[in-house]
Amino acid sequence: MTKPATSCFAARPSGLAHHPPSSRRACAAPSQATSTRRVDTSGSPPSPSKRQDFVAGVAKVVAPAAAALTVLLSPVPEALVPQQQLQNLNAAQAGLPASNPNTDGRAILRYALPINNQSPMRQVQKSMEAISAALRVPGVKFSDVTKSIKRSQKVLASDKDRKAILAEIPNPSKRQDAAAKLDQIASMLQDFSGVAERKDKQEVPIIQQKILRVVGEIEEEMVPGFPYEVPKDYSNLPQLKGRATLELKDPAQRSLDYDHFSMTMVIDGYNAPVTSGNFVDLVRRKFYDGMEIQRSDGFVVQTGDPSGEATGFIDPSTGEVRRIPFEVMVDNNKESTPVYEETLEELSRSNEQPVLPFNAFGTMAMARSEFEPNSGSSQFFFLLRDSELTPTGSNLLDGRYAVFGYVTEGKDFLDGLKVGDVIESIRILSGEENLVRKQDPAPPSVVEVAAAEAPAVAAE
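For the structure given in this document, a descriptive report is provided here. (Residues numbered from 1 in each chain as written. Predicted model: local features only at pLDDT ≥ 70, side-chain atom pairs only at ≥ 80, totals over all residues. Heavy atoms only, no water.)

1. Things to note about the overall build of the protein
As a reminder of what qualifies: Strands are runs of DSSP state E lasting at least two residues, helices are runs of H or I lasting at least four, and both sets are numbered from the N terminus onward. Residue exposure (1.4 Å probe, protein chains only): buried if accessible area is under 20% of the type maximum, exposed if over 50%, otherwise partly exposed. Here, two residues are considered to be in contact whenever any of their heavy atoms come within 4.5 Å of each other. Reported accessibility uses the Shrake-Rupley method at a 1.4 Å probe radius. Residues are deemed covered only where the shown protein chains occlude them.
Looking only at helices and strands, one finds 12 helices and 14 strands in the protein. Looking at the protein as a whole, 51% of its 460 residues are labelled buried. A sequence separation of at least 24 residues applies to 76% of the contacts in the protein between residues at least 6 apart. A total accessible area of about 21300 Å² is found for the protein, and carbon and sulfur atoms account for 50% of it.

2. Observations regarding the nonpolar core
In plain terms, the rule: Residues belong to one nonpolar core when they are buried, are Ala, Val, Leu, Ile, Met, Phe, Trp, Tyr or Cys, and are joined through side-chain atoms within 4.5 Å.
In this structure, Leu 246, Met 265, Ile 267, Phe 279, Tyr 288 and Phe 382 are the most contacted members of the largest nonpolar core, which totals 59 residues. The element contributing the most residues to this core is helix α11 (residues 273-284), with 5 residues. If sequence neighbours within four positions are ignored, Met 265 has contacts with Ala 244, Thr 245, Leu 246, Glu 247, Leu 248, Met 364, Phe 382, Tyr 406, Val 407, Thr 408 and Ile 426.

3. A closer look at the packing of aromatic side chains
Using the following cut-off: A pair of Phe, Tyr and Trp rings is counted when the ring centres sit within 6.5 Å of each other, with Trp represented by its six-membered ring. The angle between the planes then sorts it: under 30 degrees is stacked, over 60 is edge-to-face, the rest tilted. By definition here, charges over rings are those cases where NZ of Lys or CZ of Arg is within 6 Å of the ring centre and within 35 degrees of the ring normal.
Considering all chains together, one arrives at 13 aromatic pairs under this definition. Centroid distance Phe 226 to Tyr 270: 6.4 Å. Interplanar angle 20°. Geometry classified as stacked. Of this pair, Phe 226 sits in the loop between α10 (204-221) and β1 (239-240) while Tyr 270 is found in the loop between β3 (262-268) and α11, placing the two residues 44 residues apart along the sequence. The class of Phe 226 is partly exposed, set by a relative accessible area of 22%. Residues Phe 279 and Phe 380 carry aromatic rings whose centres are separated by 4.9 Å and whose planes lie at 75° to one another, so their mutual orientation is edge-to-face. Taken together, the residues Phe 279 in helix α11 and Phe 380 in strand β11 (residues 380-383) connect sequence positions 101 residues apart. Put simply, the rings of Phe 279, Phe 287, Tyr 288, Phe 313, Phe 380, Phe 382 and Phe 404 touch in pairs and so form one group of aromatic residues. Over the face of the ring belonging to Phe 226 we find Lys 241, whose NZ or CZ atom lies 5.2 Å from the ring centre. Just above the ring of Tyr 401 sits the side chain of Arg 368; from NZ or CZ to the centre is 4.3 Å.

4. Let's talk about the layout of surface pockets
Definition in use: Lining residues are defined by having an atom within 4 Å of a point belonging to a cavity or pocket. Those points lie on a 1 Å grid over the protein atoms alone, cavities being sets where a 1.4 Å probe fits but cannot get out and pockets being open sets with protein on both sides within 12 Å along at least five of seven lines. Grid points are joined across faces, edges and corners, and a volume is the space filled by probe spheres set on the points. All residues other than Ala, Val, Leu, Ile, Met, Phe, Trp, Tyr, Cys, Pro, Asp, Glu, Lys and Arg, Gly among them, are scored as polar; the first ten of these are nonpolar and the last four charged.
Size it by volume and the second largest pocket reaches roughly 1300 Å³. As for the second largest pocket, its lining consists of 45 residues, and the residues nearest its centre are Ile 108, Tyr 111, Ala 112, Asp 331 and Val 355. Sorting the residues of the lining of the second largest pocket by element identifies α4 (105-111), α5 (120-129), α6 (131-135) and α10 as the ones contributing at least two each. In terms of residue count, the dominant contributor to the lining of the second largest pocket is α4 (4 residues). Tallied by class, residues from the lining of the second largest pocket come to 21 nonpolar, 15 polar and 9 charged.

5. What about helix α7 (residues 142-156)?
An α-helical turn contains 3.6 residues, so a residue and the one three or four places further along point in the same direction. Formally: Multiplying one less than the number of residues by 1.5 Å gives the expected span of a helix. The arc refers to the directions leading from the helix axis to the C-beta atoms.
Over its 15 residues, α7 runs 21 Å from end to end, which matches the ideal 21 Å to within 8%, given 1.5 Å per residue. What α7 keeps buried is the set Phe 142, Val 145, Ser 148, Ile 149, Ser 152, Val 155 and Leu 156. Relative to the axis of α7, the buried residues are bounded by an arc of 145° and lie together on one face. Exposed residues lying more than 90 degrees from the buried face of α7 are Lys 150 and Lys 154. Contacts made by the buried residues of α7 are with α5, α6, α8 (159-167), α9 (175-198) and α10.

6. A few points about the packing of α5 against α10
Packed helix pairs are specified by the crossing angle of their axes together with the interaxial distance, meaning the distance between the axes. Inclusion rule: Helix axes are fitted only over the stretch in contact, all axes being lines through C-alpha atoms; the angle between N-to-C directions runs from 0 to 180 degrees. The scheme is simple: roughly parallel for angles under 35 degrees, roughly antiparallel for over 145, roughly perpendicular for 65 to 115, oblique for anything else. Each crossing is labelled by how the near helix is turned from the far one, with a counterclockwise turn of less than a right angle marking it left-handed and a clockwise turn marking it right-handed.
At a minimum axis separation of 10 Å, α5 and α10 run at an interaxial angle of 155°. Overall, the two elements α5 and α10 adopt an arrangement that is roughly antiparallel. Both α5 and α10 take part in a crossing whose hand is left-handed. Where α5 abuts α10, its residues Met 121, Arg 122, Val 124, Gln 125, Met 128 and Glu 129 lie against Gln 208, Ile 211, Leu 212, Val 215, Ile 218 and Glu 219. The residue makeup of the contact of α5 with α10, split by class, is 7 nonpolar, 2 polar and 3 charged.

7. Here's the deal with the pattern of salt bridges
Worth spelling out the cut-off: Whenever a carboxyl oxygen of Asp or Glu lies within 4 Å of a side-chain nitrogen of Lys or Arg, that contact is scored as a salt bridge.
Counted according to the given criterion, the structure contains 18 salt bridges. Here Glu 129 and Arg 110 are joined by a salt bridge, their closest N and O atoms 2.8 Å apart. Within this pair, whereas Glu 129 is found in helix α5, its partner Arg 110 is found in helix α4, the two being separated by 19 residues in sequence. The residues Glu 129 and Arg 110 share a single accessibility class, namely buried. Residue Arg 322 pairs with Asp 281 through a salt bridge whose shortest N-O separation is 3.0 Å. Remark: Asp 281 occurs in helix α11 and Arg 322 occurs in the loop between β7 (320-321) and β8 (327-328); sequence separation between them is 41 residues. The network of salt bridges with common partners includes Asp 281, Arg 285, Arg 322 and Arg 437.

8. With respect to the sheet that holds β3
To be explicit about the condition: Pairing between two strands requires that DSSP report at least two bridges joining them.
Taken in spatial order, the 8 strands of this open sheet run β4-β5-β11-β10-β12-β3-β2-β13, and their pairing is antiparallel. Where the open sheet ends on each side, the last strands, each with one partner, are β4 (295-296) and β13 (425-430). Of the pairings in the sheet, the one linking β4 to strand β5 (residues 300-303) comprises 2 bridges and is antiparallel in character. Bridge assignment links Ser 296 to a residue of β5, and that residue is Val 301. The strands that α11 touches are β2 (243-249), β3, β10 (363-366), β11, β12 (403-409) and β13; relative to β13, the one it contacts most, it runs at about 115°.

9. Quick notes on the packing of α7 against α9
α9 packs onto α7 with a crossing angle of 155° between their chain directions and a minimal axis gap of 10 Å. In this view, α7 runs roughly antiparallel relative to α9, as classed from their interaxial angle. When the axes of α7 and α9 are compared, the crossing they make is left-handed. Judged by residue contacts, Phe 142, Val 145, Thr 146, Ile 149, Ser 152, Gln 153 and Leu 156 of α7 engage Leu 182, Ile 185, Ala 186, Leu 189, Gln 190, Phe 192, Ser 193 and Ala 196 from α9. For the contact of α7 with α9, the class distribution of residues is 10 nonpolar, 5 polar and no charged.

Structure follows, in structure tokens:
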């Protein structure tokens, strides 16, 4: 039996029609009166007649925000859409700063940690991250590399700054390990100085990333527990109270010319606890094992649509498709919890930047019904960033689709995935203890863990 058609993110928009809020519909049950477009995994462009109608609509209609997004997500070849209009839509609808944006998913995740941004450890991180800009200069700007190394060395040479860093680690039992890692960073910085002096441009990014990996490990220990309460309305849904690292292993059937293929993904529950919890719970259930890639068109790689009539995960406890609310953490100093159920566009906040933006190749986000933000279930996509459709730091996806993680290793394999390739498995490498389900007890707090690990003191 053919599954009812849906209108999800991967659907191919056929025109510029703007649907008012009253016409919203969930993926699971489109009515006869609404569009019955199914998730398109064929990757085929629209027919010539539809292209002509579409281009005519673009030329004649001043589209509202939702329609503009539809334009830019359509598969119409770039040459058929006036270049100036694309630029105007980007500027008018996004308006986000595009100068020197962060395009590294690993760096985005480091900056997204809920720790004190004035910490000396952050100073070391920022100095090391700044080297990426020097690497983009033809031939590498070694003077900037040297400055960044010296700034970091100055922090680590200061007893005051080292004590401040260690004091910010809430679990006392972790401080000794952190102190050893600070010494490790200091040693690597010394080696880095020699690399800069030799102007070894091949070695610069290698040692930079080694240092940043250790910096990130220390910063993760600085997080003082899960920083806020998730609204009780979502207590029935799985939640990730922290982070988890996952591995997608090589597809059993694939079009890639590799003997082995795996990707490492970091799922960020600090900034998207419900979306991340839903995904990690599905991974734990082996929901994605053996599932095909269902869309791959140079814009996104998408999967998660199960066989049968359902368009998402059927929760065994209810017998119904489990839906999750739209969720986005805004990067400002005013809100400590994510925005739920309404997109930033709907809230007239399109100019605000999410903590987890669509800046990086391999950004992971939930697919959903085109006009219903709270219809996500199991379908998700990896973004293959395109400079025209999603200009870094100024795009039309931020705040409209819920980002929950990034591919941190193996992302070069992503754009080689094709429709029909089969996922062998996705496994949790670490962080499973941060997954909280309704039937599970909450994980212990940082204070409880520290108390449990502290040596017992005999009474006098």
